[in-house]
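Residues per chain are reported as follows:
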Amino acid sequence: MLYSENAKKTRGIVATLYTLFLALLVVTTFWPDQVEDVSVALMLSVKLLPLLPFALVVFRGHNRGYIWMSFVLIFYFTQAVVTAWLSEGKPMPVLMAVLSVSLFTVAMVHLKVNRP
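A short tour of the structure in this document, coming up. (Residues numbered from 1 in each chain as written. Predicted model: local features only at pLDDT ≥ 70, side-chain atom pairs only at ≥ 80, totals over all residues. Heavy atoms only, no water.)

### Re the nonpolar core
The biggest cluster of nonpolar side chains holds 28 residues, and the ones touching the most others in it are Phe21, Leu51 and Met69. Of all the elements in the fold, those that place two or more residues in this core are α1 (5-30), α2 (40-48), α3 (55-60), α4 (63-86) and α5 (91-113). What Phe21 contacts, discounting residues up to four positions off in sequence, is Leu51, Leu73, Tyr76, Met96, Leu99, Ser100 and Leu103. (Core = buried A, V, L, I, M, F, W, Y, C linked by side-chain atoms within 4.5 Å. Buried < 20%, exposed > 50% of the residue type's maximum accessible area, 1.4 Å probe, protein only. Helix = DSSP H or I, 4+ residues; strand = E, 2+ residues; numbered from the N terminus. Contact = heavy atoms within 4.5 Å.)

Below you can see the structure in the form of structure tokens.
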């Protein structure tokens, strides 16, 4: 349920960032290098299954779901920062870290704007 006009804007931004984040997870599975001798389906399921249950929540704008999604995003952010550090700042891990922290931040702003 949306309580203000600004909540519609923040919900749209969260939905866009969520979609971009999922797309980036798929892209990083295949590019720059695909891991040899590992099932692509297994890799995609490990990357995407924790976030896919939040699809309805994100597009409907439910506050509780945003809170739970933010908890899950912390794991993705941590993994992206560690990967960026170990790869000495390669663009994909840095982009993943920036996108995950952006999604987290905008979700928190949405919660602030969408108070009853």
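### Let's talk about α4
Between its terminal C-alpha atoms α4 stretches 35 Å, which fits the 34 Å expected from 24 residues at 1.5 Å a residue. Among all positions of α4, only Gly65, Tyr66, Met69, Ser70, Val72, Leu73, Tyr76, Ala80 and Ala84 are buried. Next to the buried residues of α4 lie α1, α2, α3 and α5. Immediately beyond the C-terminal end of α4, within one or two residues, lies Glu88, with a positive phi of roughly 60°. (Expected span 1.5 Å × (residues − 1).)

### Focus: the packing of α1 against α2
The geometry of α1 relative to α2 is characterised by a closest axis approach of 10 Å and an angle of 150° between their N-to-C directions. Here α2 runs roughly antiparallel to α1, going by the angle between their axes. Read as a crossing pair, α1 and α2 show a hand that is right-handed. Residue-level inspection shows Leu22, Leu25, Val26, Thr28, Thr29 and Phe30 of α1 in contact with α2, the latter providing Val40, Met43, Leu44, Lys47 and Leu48. Residues that form the contact of α1 with α2 fall into these classes: eight nonpolar, two polar and one charged. (Axes fitted to C-alpha atoms, helices over the stretch in contact; angles between N-to-C directions. Parallel < 35°, antiparallel > 145°, perpendicular 65-115°, else oblique. Left-handed = near helix turned anticlockwise from the far one by under 90°. Nonpolar A, V, L, I, M, F, W, Y, C, P; charged D, E, K, R; others polar.)

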